[in-house]
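Given next are the chains, with one letter for each unit.
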Amino acid sequence: VCMFNMHGGLSQLESWDPKPKTDTGGPFRAIPTSVPGTHICELLPLTAKQMHHLALVRSINTRENDHGKGRYLMEKGRRQTPGSEFPHLGAVCAKALGPAGDGLPGFVRVADGNGGRSNDAAYLGPQFGSITAGGAPPQNSSRPEGLSEAADLARNEFRQKANERFGQRRRTAETQAYTYNYEQAQQLMRRRDVFDLSQEPDSEHDRYGRHDLGKHTLLARRLLESGVTFVQVSHSNYDTHNENFNFHLEQLGEFDRSFSTFVADIVDRGMLDSTLIVVMSEFGRTPRINQYYGRDHWGTAWSVCLGGTKIHRGAVVGKTNENGTAVADRQVDHGHLFHTYLQAVGLDSKSTFNIGGRPLPMADPAYDSIDELLT
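Residues numbered from 1 in each chain as written. Predicted model: local features only at pLDDT ≥ 70, side-chain atom pairs only at ≥ 80, totals over all residues. Heavy atoms only, no water.

### Examining the nonpolar core
Here's step 1: Of all hydrophobic cores here, the largest spans 48 residues; its most connected members are F4, W16, L223, F255 and F262.
Here's step 2: When residues of this core are assigned to their parent elements, the largest contribution, seven residues, is made by helix 8 (residues 244-268).
Here's step 3: Contact partners of L223, with chain neighbours within four places excluded, come to V108, V110, V194, F195, V228 and V231.
Here's step 4: I60, L73, I311 and L347 belong to the second largest nonpolar core, which has 40 residues in total. (Core = buried A, V, L, I, M, F, W, Y, C linked by side-chain atoms within 4.5 Å. Buried < 20%, exposed > 50% of the residue type's maximum accessible area, 1.4 Å probe, protein only. Helix = DSSP H or I, 4+ residues; strand = E, 2+ residues; numbered from the N terminus. Contact = heavy atoms within 4.5 Å.)

Structure (structure tokens):
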């Protein structure tokens, strides 16, 4: 799975659901795509050529206009509940689809910097939480020059024996998680070159764009090719309360190039049938244009783009009214989308995880998938 998080709230009117020549439409045109009858905003001309590989959901109503809460429900498929914490979609996929293998983590967030593991797996356990990578091998992932390979092997053999003896009497979930993370870090050291974008030729950097999003999207493709289960890329900040149109003109120029190149490469490498692509935000932007030529938070009628795996190519589900102020057909929300993502990659979203003998639903059981979106 590759999820593109358009952080801050991408405007659906300047991307997937344009409303030109209306009082809410703004200055940009709608252009035809490679799917007959489907139009998107002219700010995405390269993506328009890839739409026959993708699909749109234009009828999302989450009724949530808060950044944090909106991001939570879109990434975790549930609303925040006091006293409860739910796992990120990436952690769910990392556990349910199995490990990446060869020492690679199952869930990687691509961003500047090389951080440690995040606590976003909730009750699934820290081994399924994300790590952060930004285009260079993870920090401290190479053996110190003053330590020979033989000495390194000897000390790790001793450490393993000491751990086994300790575990015979004092094994707990915490010690097992620590041991797992340590051993995965050792395996990761052997695969550190997967994260090294300097190994990609200049032509690839030029194709994706020599900006942060281009670098991060190229790394996402590289990680998926190497077998990482779930990769999340973020592009920010779409919180355009001011100068919405100028900002989207610049930001979507970056996104259009990187994203369309990514989709084309996934197709060319024969990976589309096994790779789910999702472009989401925490909400959309208001149809009403404010006094600062901006758009505010809008969780009432907005869009998501997705494709690959079992997603019906070229599909458009739902629609908004003439000026985009409300959903006019097939209203869905975060719960329906979460089930759809899981079903698209071949999982039974109605199944449960066994956590300490207690069955916990993989997705919110109050919802179902968007069946007309699935093949």
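Still to come is the rest of the account.
### Topic: helix 2 (residues 67-76)
Structurally, the α-helix is built with 3.6 residues per turn, so residues lying three or four positions apart point the same way.
Here's step 1: Within the span of helix 2, buried status applies to G70, Y72, L73, M74, E75 and K76.
Here's step 2: The N-cap of helix 2, judged by a side-chain oxygen 3.1 Å from the amide nitrogen of G68 a few residues on, is D66.
Here's step 3: Looking one or two residues past helix 2, G77 carries a phi angle of roughly 75 degrees, positive in sign. (Polar contact = N/O pair within 3.5 Å; in protein donor to acceptor, adjacent residues only side chain to side chain.)

### Observations regarding the environment of E64
Here's step 1: Take E64: it is sitting in the loop between strand 4 (54-60) and helix 2.
Here's step 2: As for E64 and K76, which are separated by 12 residues in sequence, their C-alpha atoms are 14 Å apart.
Here's step 3: Polar contacts involving the side chain of E64 include one to the main-chain amide nitrogen of D66, which spans 3.0 Å.

### Focus on unusual backbone geometry
Here's step 1: The omega torsion of the bond from S236 to N237 falls at 5 degrees, within 30 degrees of zero and hence cis.
Here's step 2: By the secondary structure assignment, N237 is in the loop between strand 7 (230-235) and helix 8.
Here's step 3: Although it is not a glycine, K21 sits at a positive phi angle of roughly 60 degrees.
Here's step 4: Of note, K21 is situated in the loop between strand 1 (2-6) and strand 2 (30-32).
Here's step 5: A residue is classified by how much of its surface remains accessible, and K21, at 88% relative accessible area, is exposed.

### Topic: the side chain of N156
Here's step 1: Considering the arrangement of structural elements, one finds N156 in helix 4 (residues 149-170).
Here's step 2: A residue is classified by how much of its surface remains accessible, and N156, at 12% relative accessible area, is buried.
Here's step 3: One polar contact links the side chain of N156 to the main-chain carbonyl oxygen of D152, over a distance of 3.0 Å.
Here's step 4: When sequence neighbours within four positions are dropped, the list of residues in contact with N156 reads Y182 and Q186.

### Topic: the sheet that holds strand 7
Here's step 1: Read across the sheet, eight strands follow the order 6-5-7-1-8-11-4-12 without closing on themselves; strand pairing throughout is mixed. If you trace the sheet from one side to the other, it starts and ends with strand 6 (131-133) and strand 12 (316-317), each paired once.
Here's step 2: Note that strand 5 (residues 107-110) and strand 6 share three bridges and pair parallel. For V108, the partnering residue across the bridge sits in strand 6 and is I131.
Here's step 3: Contacts between helix 8 and the sheet are confined to strand 1, strand 4, strand 7 and strand 8 (277-280), with strand 1 contributing the most and set at about 175 degrees to the helix. (Pairing = 2+ DSSP bridges. Axes fitted to C-alpha atoms, helices over the stretch in contact; angles between N-to-C directions.)

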